[in-house]
Amino acid sequence: MKKGFKKSKNGGFTLVELLLSLCVIILLSYAVVNGFKSFRGNQGLDKTSNRIVTLLQKARYQTLSSKGNLRYGVHFASDQAALFATAYATGTAGNEVYLFDPFLKLSLIGIKATTTQASTTDVMFTKFTGESSATGTLKFSLVSSTTPTYTVILYVTGLIESN
(Lines give C-alpha, C1' and ligand atoms only; values in the text may rest on other atoms or scores of the structure.)
Protein backbone atom coordinates (compact mmCIF):
# COMPACT_ATOMS: atom_id res chain seq x y z
CA MET A 1 0.00 0.00 0.00
CA LYS A 2 1.35 3.45 -0.98
CA LYS A 3 1.53 6.17 1.61
CA GLY A 4 0.29 9.66 0.67
CA PHE A 5 -2.92 11.34 -0.23
CA LYS A 6 -5.90 9.42 -1.37
CA LYS A 7 -7.68 10.69 -4.41
CA SER A 8 -11.13 11.91 -3.59
CA LYS A 9 -13.86 10.15 -5.46
CA ASN A 10 -16.11 13.21 -5.73
CA GLY A 11 -13.41 15.41 -7.35
CA GLY A 12 -14.03 18.52 -5.17
CA PHE A 13 -11.56 20.95 -3.65
CA THR A 14 -10.13 20.46 -0.21
CA LEU A 15 -10.41 23.09 2.50
CA VAL A 16 -6.66 23.78 2.30
CA GLU A 17 -6.89 24.46 -1.45
CA LEU A 18 -9.81 26.84 -0.94
CA LEU A 19 -8.01 28.73 1.86
CA LEU A 20 -4.83 28.99 -0.20
CA SER A 21 -6.76 30.34 -3.19
CA LEU A 22 -8.55 32.84 -0.98
CA CYS A 23 -5.22 34.08 0.46
CA VAL A 24 -3.79 34.59 -3.03
CA ILE A 25 -6.89 36.54 -4.12
CA ILE A 26 -6.73 38.76 -1.01
CA LEU A 27 -3.02 39.53 -1.55
CA LEU A 28 -3.56 40.40 -5.20
CA SER A 29 -6.54 42.60 -4.34
CA TYR A 30 -4.50 44.46 -1.73
CA ALA A 31 -1.70 45.11 -4.24
CA VAL A 32 -4.13 46.44 -6.85
CA VAL A 33 -6.00 48.71 -4.41
CA ASN A 34 -2.76 50.07 -2.94
CA GLY A 35 -1.38 50.80 -6.41
CA PHE A 36 -4.62 52.55 -7.37
CA LYS A 37 -4.49 54.77 -4.26
CA SER A 38 -0.93 55.80 -5.07
CA PHE A 39 -1.84 56.52 -8.70
CA ARG A 40 -4.91 58.54 -7.67
CA GLY A 41 -2.87 60.55 -5.17
CA ASN A 42 -0.21 61.41 -7.76
CA GLN A 43 -2.88 62.40 -10.27
CA GLY A 44 -4.52 64.60 -7.63
CA LEU A 45 -1.21 66.30 -6.88
CA ASP A 46 -0.64 67.05 -10.57
CA LYS A 47 -4.18 68.31 -11.10
CA THR A 48 -4.19 70.53 -8.01
CA SER A 49 -0.79 72.10 -8.63
CA ASN A 50 -1.68 72.77 -12.28
CA ARG A 51 -4.94 74.38 -11.16
CA ILE A 52 -3.07 76.59 -8.66
CA VAL A 53 -0.64 77.72 -11.35
CA THR A 54 -3.60 78.45 -13.63
CA LEU A 55 -5.37 80.51 -10.93
CA LEU A 56 -2.21 82.54 -10.26
CA GLN A 57 -1.63 83.14 -13.97
CA LYS A 58 -5.27 84.10 -14.49
CA ALA A 59 -5.10 86.63 -11.65
CA ARG A 60 -1.92 88.11 -13.08
CA TYR A 61 -3.25 88.32 -16.64
CA GLN A 62 -6.56 89.85 -15.55
CA THR A 63 -4.63 92.47 -13.57
CA LEU A 64 -2.28 93.20 -16.47
CA SER A 65 -5.19 93.53 -18.88
CA SER A 66 -6.93 95.88 -16.39
CA LYS A 67 -10.10 93.78 -16.51
CA GLY A 68 -12.77 95.93 -14.87
CA ASN A 69 -9.96 98.31 -13.89
CA LEU A 70 -9.32 96.06 -10.85
CA ARG A 71 -6.39 94.21 -9.30
CA TYR A 72 -6.75 90.44 -8.93
CA GLY A 73 -5.23 87.95 -6.54
CA VAL A 74 -5.41 84.45 -5.12
CA HIS A 75 -6.20 83.54 -1.50
CA PHE A 76 -4.86 80.25 -0.08
CA ALA A 77 -6.30 78.10 2.69
CA SER A 78 -5.45 74.53 3.70
CA ASP A 79 -8.28 73.05 1.63
CA GLN A 80 -8.90 75.60 -1.13
CA ALA A 81 -7.67 78.48 -3.25
CA ALA A 82 -9.80 81.40 -4.44
CA LEU A 83 -9.30 83.90 -7.24
CA PHE A 84 -10.63 87.30 -6.15
CA ALA A 85 -10.80 90.93 -7.22
CA THR A 86 -9.57 93.87 -5.09
CA ALA A 87 -9.64 92.17 -1.63
CA TYR A 88 -10.51 88.67 -0.45
CA ALA A 89 -13.67 88.13 1.54
CA THR A 90 -15.19 84.71 2.21
CA GLY A 91 -18.36 84.04 0.24
CA THR A 92 -18.05 86.93 -2.21
CA ALA A 93 -20.02 86.13 -5.36
CA GLY A 94 -17.16 87.06 -7.70
CA ASN A 95 -14.66 84.68 -6.09
CA GLU A 96 -13.59 81.70 -8.19
CA VAL A 97 -13.06 79.00 -5.55
CA TYR A 98 -11.13 75.80 -6.21
CA LEU A 99 -11.46 73.07 -3.56
CA PHE A 100 -8.47 70.77 -3.26
CA ASP A 101 -8.80 67.02 -3.72
CA PRO A 102 -9.82 65.55 -0.32
CA PHE A 103 -6.75 63.26 -0.40
CA LEU A 104 -4.44 66.29 -0.60
CA LYS A 105 -3.41 69.07 1.72
CA LEU A 106 -1.54 72.30 1.37
CA SER A 107 1.27 71.28 3.69
CA LEU A 108 3.22 74.52 3.52
CA ILE A 109 2.17 78.07 2.80
CA GLY A 110 5.53 79.82 2.74
CA ILE A 111 4.38 83.09 1.19
CA LYS A 112 5.65 86.40 2.51
CA ALA A 113 4.62 89.92 1.58
CA THR A 114 7.36 91.55 -0.49
CA THR A 115 7.22 94.82 1.46
CA THR A 116 6.94 93.65 5.08
CA GLN A 117 8.17 90.03 4.87
CA ALA A 118 5.18 89.06 7.03
CA SER A 119 3.46 85.76 6.30
CA THR A 120 0.36 86.06 4.17
CA THR A 121 -2.22 83.85 2.48
CA ASP A 122 -3.09 86.35 -0.27
CA VAL A 123 -1.16 87.06 -3.45
CA MET A 124 -2.09 90.21 -5.41
CA PHE A 125 -0.65 91.42 -8.69
CA THR A 126 0.37 94.96 -9.68
CA LYS A 127 -1.15 96.70 -12.68
CA PHE A 128 1.15 97.41 -15.64
CA THR A 129 4.08 95.29 -14.33
CA GLY A 130 2.36 92.11 -13.15
CA GLU A 131 4.62 91.97 -10.11
CA SER A 132 3.47 89.94 -7.15
CA SER A 133 2.68 91.39 -3.74
CA ALA A 134 4.12 88.24 -2.17
CA THR A 135 6.77 85.66 -2.94
CA GLY A 136 7.42 82.18 -1.67
CA THR A 137 6.52 78.54 -1.88
CA LEU A 138 3.37 76.45 -1.75
CA LYS A 139 3.87 72.77 -1.07
CA PHE A 140 1.19 70.14 -1.66
CA SER A 141 1.28 66.59 -0.32
CA LEU A 142 -1.00 63.64 0.26
CA VAL A 143 -3.00 63.64 3.50
CA SER A 144 -1.80 60.09 4.23
CA SER A 145 1.88 60.79 3.52
CA THR A 146 4.37 63.65 3.33
CA THR A 147 5.84 62.25 0.11
CA PRO A 148 5.45 62.79 -2.77
CA THR A 149 5.11 66.56 -2.76
CA TYR A 150 4.46 69.13 -5.44
CA THR A 151 5.87 72.64 -5.14
CA VAL A 152 4.70 75.91 -6.65
CA ILE A 153 7.14 78.85 -6.40
CA LEU A 154 6.02 82.45 -6.83
CA TYR A 155 8.59 85.13 -7.68
CA VAL A 156 8.40 88.89 -7.08
CA THR A 157 8.27 89.41 -10.85
CA GLY A 158 4.93 87.57 -10.87
CA LEU A 159 6.34 84.54 -12.63
CA ILE A 160 5.29 81.12 -11.37
CA GLU A 161 7.32 77.92 -11.36
CA SER A 162 6.07 74.45 -10.54
CA ASN A 163 7.72 71.07 -10.22
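Bear in mind that the values here come from a model prediction, so they are computed numbers and not experimental data. (Residues numbered from 1 in each chain as written. Predicted model: local features only at pLDDT ≥ 70, side-chain atom pairs only at ≥ 80, totals over all residues. Heavy atoms only, no water.)

Draft legend 1. Broad picture of the sheet that holds strand S1 (residues 72-76). Taken together, 4 strands build an open sheet; the order of strands is S3-S2-S1-S5 and the sheet is antiparallel. Each having just a single partner strand, strand S3 (96-99) and strand S5 (122-124) make up the two edges of the open sheet. Strand-to-strand twist of the sheet, defined as the mean angle between neighbouring strand axes without regard to direction, takes the value 15°. By the bridge criterion, 4 bridges tie strand S2 (residues 80-85) to S3 in an arrangement that is antiparallel. Bridge pairing links Ala82 to Val97 in S3. This element, helix H1 (residues 15-64), spans S1, S2, S3 and S5 of the sheet and lies at about 150° to S1. (Pairing = 2+ DSSP bridges. Helix = DSSP H or I, 4+ residues; strand = E, 2+ residues; numbered from the N terminus. Axes fitted to C-alpha atoms, helices over the stretch in contact; angles between N-to-C directions. Contact = heavy atoms within 4.5 Å.)

Draft legend 2. Geometry of the pattern of salt bridges. If you walk through the whole model with that rule in mind, you get 2 salt bridges. The partner of Glu96 in a salt bridge is Arg51, with the nearest N and O atoms 2.9 Å apart. With Glu96 in strand S3 and Arg51 in helix H1, this pair connects stretches of sequence that are 45 residues apart. Using a relative accessible area of 22% as the deciding quantity, one classes Glu96 as partly exposed. Judged by relative accessible area, which is 27%, Arg51 ranks as partly exposed. Counted as one network, the salt bridges with shared partners bring together Arg51, Lys58 and Glu96. (Salt bridge = Lys/Arg side-chain N within 4 Å of Asp/Glu carboxyl O. Buried < 20%, exposed > 50% of the residue type's maximum accessible area, 1.4 Å probe, protein only.)

Draft legend 3. Region of the structure containing the environment of Arg60. Considering the arrangement of structural elements, one finds Arg60 in helix H1. A residue is classified by how much of its surface remains accessible, and Arg60, at 14% relative accessible area, is buried. Taking the C-alpha atoms as reference points, Arg60 and Lys127, 67 residues apart in sequence, are found 8.6 Å from one another. Ignoring any residue separated from it by four or fewer positions in sequence, one finds Arg60 in contact with Phe125, Thr129, Gly130, Thr157, Gly158 and Leu159. Within the structure, Arg60 has its side chain in polar contact with the backbone oxygen of Gly130 (distance 2.9 Å). Of the polar contacts made by the side chain of Arg60, one reaches the backbone oxygen of Thr157; its length is 3.3 Å. (Polar contact = N/O pair within 3.5 Å; in protein donor to acceptor, adjacent residues only side chain to side chain.)

Draft legend 4. Region of interest: the sheet that holds strand S4 (residues 104-113). Here 4 strands make up an open sheet; going across it, the order is S4-S6-S7-S8 and the pairing antiparallel. Edge positions in the sheet fall to S4 and strand S8 (160-162), since each of these pairs with one other strand and no more. On average, each strand axis in the sheet is inclined to that of its neighbour by 10°, with strand direction left out of account. Relative to strand S6 (residues 134-142), S4 is paired through 9 bridges, and the arrangement is antiparallel. Bridging from a neighbouring strand, Ile111 pairs with Gly136 of S6. Sheet contacts for H1: S4, S6, strand S7 (149-154) and S8; angle to S7, the most-contacted strand, approximately 10°.

Draft legend 5. Fine view of unusual backbone geometry. The backbone phi angle of Ser66 is positive, close to 55°, even though this residue is not glycine. Structurally, the position occupied by Ser66 is in the loop between H1 and S1. Given a relative accessible area of 27%, Ser66 falls into the partly exposed group. Residues other than glycine seldom take positive phi values, yet Phe128 does so here, at roughly 75°. On the secondary structure map, Phe128 appears in the loop between S5 and S6.

Purely spatial values, then, with no claim about function.
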